Amino acid sequence: MLEVKNLVKKFGSKVAVNNISFKVEKGKILGVLGRNGAGKSTIFRMILNIIKQDSGIINYMDKEITDITTDEIGYLPEEGSLILQYSVYEQCVYYGALKSMSEEEVRENLIKWLERFNITQYLNMKIKDLSKGNRQKIQFIIAILHNPNLIILDEPFSGLDPISVDELKNVIIELKKEGKTIVFSSHRMDHVEMLCEDILIIDSGKEIMYGNLNEIKKSYQKQNISITGNIDIEKIKNINGVIEVTNILENNYNIKIENNNVVQDVLNEIDKKELLRFSVLDASLNDIFIDKVGKSYEE
Amino acid sequence: MKSKIISVVKHTVEKNIRNKWFIVLNVLLLIVSIVAFNFNTVSNILKNNNISFGEKTEIIIYDEANLIYDNLTKMLEGQDINLTREENLKEYSKDELKNNQIVVQVKNTEKAEDISAKVISQEGVSATYINYITEALSKAKIDRLSKEYNLTLEDINKFTKTPNIERVMLSVDNKDADAKYGMQTIFNYLIFFILLLILSKIANDVSQEKISKSIEYVLTSISAKGYLIAKVLSINLTFIIQFIFTVVYLLIGLFLNSVLNMYFVTPNMELNANIDLSVLTSMIDTNMVIYFLVTFVYLIFTILILSVIQAVLSSKTTNISEAGNATILLVVINLIVYILSTFFVTPLKAPTAITYILSCIPIVSMYFVPTMILIGQANIIQVVISTIILIVSVVVIFKYGAIWFKNGVLDYSNKKKDKKQEETIDTQKQELIKREYSKIGYVIGFSVLLFIVLQIGLPYILSIFTSPINNLFNGKISLTNISTILRQISFILSLLVPALFVYSYVDKKSEDNLKQKKQIEKLNKKINIKESIKYVLMALPIVAIIQIVLSIILEKLGLDYEILNTVDILNLNSNFGTILAFIEIAVLPAIFEELYVRGAMLKFTKKYGAKFAIITTSLLFAIVHLNISQSVFAFLMGIILSIVTLKTGNILASSMIHLLNNGYAILLMIFENSSMSYVINVIYLLLIILGVLFIIIDFIKNKEKIKKIKNINKKTKAKITKNETGIKKYRYIAYDYTFILACILCTILLFTMQRIITILS
């Protein structure tokens, strides 16, 4: 449905996007991960025709994206793009007009979505009087107001409280079930892990990893062992295949290991009487990300 | 794309119209147009039915010889005024007269030319009544004179009739050209008003959408060109709708007026309250109709072009006030073009080739072509060509405007951030140096601007007080002396204000160090004064040499060299005047020029290097004289004075040199051709000889010292070149806009000030 091939964008001498390719099929969700300034928003902006790529192809339904096809695309920009002096209703009517919607259509859909998010009371409020989270919800409603087939969400969860995050997650899953195609970026790995089939990790404009999330996890050999108990840590650290041992709480350790074979070696070294808990975990997306990108990635 | 543009235009127009301010404005406009058209009629109707607001005006006339009473009654017939006659000449006090009463006391004299009248009222009398009274009085006067000299009224008419001038213009053939030209001027101001409204609205909308980053979302749905077209069209459409509404209100007002006239005005009532459209209709001919059509077309296209320019300009800014400045800029440009058009297109001059060329340029054509049509100077080829160019440029500007607009409006995000990231520490240091030195430029530039503005403006402001002060002293001081004093005050102020301005920027920390030094110096005060006198005497021969050499060079070049530019204005006839002249030429410059140049500016610039300080202050000293023939000498003298000031640490010595130099010149002038001038010359010569002696002594004394200092200097110089970026940093001074403006103004004034003064005086 959406296909990006060899995308390149430079700002002056700096390469913002360096040869990125990916593909999203209908009814799938792609998560784009990357540190701040990695080039996520730039890719989205190029897809939406705001800025022009230096080279590469972006196809939607095997065609180039024009001002008319953008009617089928919903977009949530990273930084709020709401006019503060407008009321929620005015804003939606204006943006609806830009998507070739009549005011009736806007009204109908807007009420439906406001009810879905339980924020009907904000209909006539000025945007400047709304909280950051509520603005984000309005922004999301605007992105899906015209019933688009492709939805591009740039950091959709930023500024939301946990309950709202859950609400939004459910809506996204519903949209997916309806057959919408969704591309989104986030810095919260748990959201990505829960929603996406495919992921694309980029850093400084370059592709680090791209593919099916489960396959990526499978191919990633490293695992974690979580141990609770009074243990001689120095011994474990010397085992061949142990990468890192971190002390999380008193008598609670996290041991990073090369592969599954190391588990037995670790277990052998431990005094079983002192052991309270021992569990082997697959690497989380967060681990993979930190390992691949090389730096800690929490805001 | 079309359907999107239409839907955006529809939405924007709807939003603009369904706005409470739009409704308030329209109700106001309706009320204003109804009141404006009907006020006179209604008040006339009320008067005719003996209903009036407030009390009637009452004119009480004391007119013993019946000079004006009868005439005035005739003139005021039909107006709502009570005329009464008074038998006795009364003195009126404040409490005796009512607010609506006017007392006219006619003074009858034997001679007809002395007939006069006194008008007494509580709060003044409107000009119309005064006109009536004047008319009646002059009628009486003419009557009397005609009897005196046995002249008939016809004879007098022959005297007073103004000769008729028939204006025949051979290149221009339009009978109402003048009147139409006047009307068109009013029309142009209306256009400016419209422009201001439309452009500011566009500026506001664009910058609002840019700042809120709403544009980010907008551009995902519509191309930049489409957005630009939609925005410009919708705002213009809103305005056209408003315009049509206003016309409708005016028509409603007119209609109401005609209804009122039909039902309430009786035939014998005066018709002056009715709006007379015949004057307007008489002027309308084919030229006029074409004019309105062409103006409309040109106005629309020109506004489209200007709107796009405005949108592009405001897309480059990041706050609303800056976008507003762009509007002002555009309107001012239009104003300039309009003023230009008044020079090129007038009913009194046949158009030249330049006029035709200018009339083909878009925007300019708006002010040229319609006016030329109106006064019958246009030809068809010119109109067609300029129209085609106009339409083509609209298309072109929408195309390229869209690209520039898109670049500008998305500019906040990427490019600037990247540039900042790329900036190395070195460039940041460079930036800091640039900041610091452009600040110097600002201080110098603005102080010079202050000086120039005060120097030119203050004399004219103060000259208002010349005659009041003369009255205050009952003429004891002559007018020339007063104006001299005022000139001196303005001279003092124009130097003192910039001096204070510069002084406020002097680094106070280094000042503290100076204070400590000064305390030490205070102990050596006597020595310091001696030192100062020594420097003064040493400087005198050098100044004299410069003066002589320069006068020879300038004479050879054929430029007249005079030290005193105000010689002609000086009043040396009285003792007081002479003293004033001495103060003006010798004392004031010695104190206040030194305060500004050496006192404030040298202290300010000293921090940035002695050589730089000396050169800057000397240049400033040359500028302060605002006279090209003096400035060379002033510059050289400035160098000496600055060096002396730097050596002694205060302006005492330089003031004394300045005083001696100027005082010598003015004293010679005062005692021209008397034996005193000989004495003065001798004294001056003696001082110079003394100075030469001091120089020789000093030279011998310090020979060894100088050598040592030179060696030290060489060492420190090497260090300095290593540490600093050199002279290059001084160029940043010219990065300041006030400095550039001051430089331009100074260059112009140096060459023209002398001429301006001679013209004005």
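About the criteria used
- Residues numbered from 1 in each chain as written.
- Chains lettered and ligands numbered in written order.
- Predicted model: local features only at pLDDT ≥ 70, side-chain atom pairs only at ≥ 80, totals over all residues.
- Helix = DSSP H or I, 4+ residues; strand = E, 2+ residues; numbered from the N terminus.
- Buried ≥ 20, exposed ≤ 12 C-beta atoms within 10 Å, placed from the backbone.
- Contact = placed C-beta atoms within 7 Å.
- Core = buried A, V, L, I, M, F, W, Y, C linked by C-beta atoms within 7 Å.
- Pairing = 2+ DSSP bridges.
- Nonpolar A, V, L, I, M, F, W, Y, C, P; charged D, E, K, R; others polar.
- Expected span 1.5 Å × (residues − 1).
- Bend = angle between axes of the 7 residues up to and from the residue.
- Axes fitted to C-alpha atoms, helices over the stretch in contact; angles between N-to-C directions.
- Parallel < 35°, antiparallel > 145°, perpendicular 65-115°, else oblique.
- Left-handed = near helix turned anticlockwise from the far one by under 90°.
- pLDDT = per-residue confidence, 0-100.

Caption draft 1: A look at the overall build of chain A. The secondary structure content of chain A amounts to 10 helices and 14 strands. Burial status across chain A gives 35% buried among its 299 residues. When contacts within chain A are restricted to residue pairs at least 6 apart in sequence, those whose partners lie at least 24 apart make up 68%.

Caption draft 2: Layout of the overall build of chain B. Check the secondary structure of chain B and you find 26 helices and 4 strands. Counting all 761 residues of chain B, 28% fall into the buried class. Taking as baseline every contact in chain B between residues at least 6 positions apart, the subset at least 24 positions apart corresponds to 77%.

Caption draft 3: Structural detail: the nonpolar core. Judged by nonpolar contacts, the single largest core of 104 residues is most densely connected at Ile152 of chain A together with Leu228 and Val308 of chain B. Sorting elements by how many residues they give to this core places helix H10 (residues 286-316) of chain B first, with 9 residues. Not counting residues within four places of it along the chain, the set of residues in contact with valine 308 of chain B comprises Leu228, Val232, Ile397, Phe398 and Gly401 of chain B. Core analysis: the next-biggest nonpolar cluster, separate from the first, contains 48 residues, Leu537, Val543, Leu620 and Ile657 of chain B among them.

Caption draft 4: Seen up close, the pairing of strand E13 (residues 252-257) of chain A. All names here are of chain A. In terms of strand pairing, strand E11 (residues 223-229) meets E13 through 6 bridges, oriented antiparallel. In the strand pairing of E13, threonine 228 is matched with asparagine 252. Judged from the 6 bridges that link them, strand E12 (residues 242-249) and E13 form a sheet pairing that is antiparallel. Along E13, the bridge assignment pairs leucine 249 with asparagine 252. As consecutive antiparallel partners, E12 and E13 are separated by 2 residues, and within that stretch asparagine 251 has a phi angle of approximately 60°, a positive value.

Caption draft 5: Representation of the interface of chain A and chain B within the structure. On the side of chain B, 25 residues touch chain A, which itself brings 25 residues to the contact. Broken down by element, the residue count for the side of chain A that touches chain B peaks at 6 residues, all from helix H2 (residues 88-98) of chain A. Across the side of chain A that touches chain B, the residue classes tally to 14 nonpolar, 6 polar and 5 charged.

Caption draft 6: Summary view of helix H21 (residues 575-605) of chain B. Taking 1.5 Å of rise per residue, 31 residues should cover 45 Å, and H21 of chain B covers 42 Å from first to last C-alpha, within 8% of that figure. The principal kink in H21 of chain B, of about 45°, is found at leucine 588 of chain B, preceding the proline proline 589 of chain B by one to four residues.

Caption draft 7: Expanded view of the sheet that holds E11 of chain A. Residues and elements named next belong to chain A. Sheet architecture is open: 4 strands sit in the order E12-E13-E11-E14, paired in antiparallel fashion. Lying at the two open borders of the sheet, with one neighbouring strand each, are E12 and strand E14 (275-282). Across the sheet, the mean angle from the axis of one strand to that of its neighbour is 20°, orientation sign disregarded. Docked against the sheet, helix H9 (residues 262-269) engages E11, E12, E13 and E14, running at close to 145° with respect to E13.

Caption draft 8: Quick look at the sheet that holds strand E3 (residues 101-107) of chain B. Residues and elements named next belong to chain B. With mixed pairing, the 4 strands of this open sheet are ordered in space as E2-E1-E3-E4. The open sheet has two free edges, formed respectively by strand E2 (81-86) and strand E4 (116-121), since each of these has just one partner strand. Pairs of neighbouring strands in the sheet enclose a mean axial angle of 20°, with direction left out of account. Relative to E4, E3 runs antiparallel, the two sharing 6 bridges.

Caption draft 9: Layout of unusual backbone geometry. Look at methionine 61 of chain A: it is not a glycine, yet its phi comes out positive at around 55°. For methionine 61 of chain A, a count of 13 C-beta atoms within 10 Å translates into the label partly exposed.

Caption draft 10: Spatial organisation of H2 of chain A. In terms of burial, H2 of chain A is largely enclosed, as 9 of its 11 residues are buried. When we look at burial in H2 of chain A, the residues that qualify are Val88, Gln91, Cys92, Val93, Tyr94, Tyr95, Gly96, Ala97 and Leu98 of chain A. In this structure, the buried side of H2 of chain A is in contact with helix H3 (103-116) and helix H4 (132-144) of chain A together with helix H1 (2-17) and helix H7 (214-221) of chain B. Serine 100 of chain A sits one or two positions beyond H2 of chain A and adopts a positive phi of about 60°.

Caption draft 11: Highlighting the environment of isoleucine 628 of chain B. Residue and element names in this part refer to chain B. Checked against the element boundaries, isoleucine 628 lands in helix H23 (residues 628-648). The partly exposed category is assigned to isoleucine 628, around which 16 C-beta atoms lie within 10 Å. Once residues lying within four places of it in the same chain are set aside, the contact partners of isoleucine 628 are Leu750 and Phe751.

Caption draft 12: Spatial organisation of the environment of lysine 611 of chain B. One can find lysine 611 of chain B in helix H22 (residues 610-624). Measuring from C-alpha to C-alpha, the distance between lysine 611 of chain B and isoleucine 643 of chain B comes to 9.4 Å, with 32 residues separating the pair along the chain.

Caption draft 13: Structural view of the packing of H2 of chain A against H3 of chain A. All names here are of chain A. One way to put it is that H2 packs onto H3 with a least axis distance of 9 Å and a crossing angle of 125°. The angle between the axes of H2 and H3 places the two elements in the oblique class. In the crossing of H2 with H3, the sense of the turn from one axis to the other is right-handed. Contact with H2, carried on its side by Cys92, Val93 and Gly96, involves Glu103, Glu105, Val106 and Leu110 of H3 and no other residues of that element. Classifying every residue of the contact of H2 with H3 by side-chain character gives 4 nonpolar, 1 polar and 2 charged.

Caption draft 14: Region of the structure containing the environment of serine 284 of chain A. Residue and element names in this part refer to chain A. For serine 284, the location among the structural elements is in the loop between E14 and helix H10 (285-293). Under the C-beta neighbour-count criterion, serine 284 is labelled partly exposed, with 14 such atoms within 10 Å. It is 9.1 Å that separates the C-alpha atoms of serine 284 and asparagine 224, two residues lying 60 residues apart in sequence.

Caption draft 15: Summary view of the packing of H2 of chain A against H1 of chain B. Contact geometry for H2 of chain A and H1 of chain B: axes closest at 8 Å, N-to-C directions at 155°. On the basis of their axis angle, the class for H2 of chain A and H1 of chain B is roughly antiparallel. For the pair formed by H2 of chain A and H1 of chain B, the contact residues are Glu90, Val93, Tyr94, Ala97 and Leu98 of chain A on the first element and Lys4, Ser7, Val8, His11 and Lys15 of chain B on the second.

Caption draft 16: Main features of the confidence of the model for chain B. All names here are of chain B. A residue-level look at chain B finds 83% of positions with pLDDT of 70 or above and a mean pLDDT of 79. Predicted confidence in chain B is weakest over helix H15 (residues 415-422), with a mean pLDDT of 49, and strongest over helix H14 (residues 380-409), with 90. Note on residues 413-418: pLDDT under 50 across the span, and 6 contacts to partners over four residues away in sequence or across chains. Every residue in residues 719-723 is under pLDDT 50, and counting partners more than four places away or in other chains gives 1 contact. Here the predicted complex scores 0.63 on pTM and 0.82 on ipTM.

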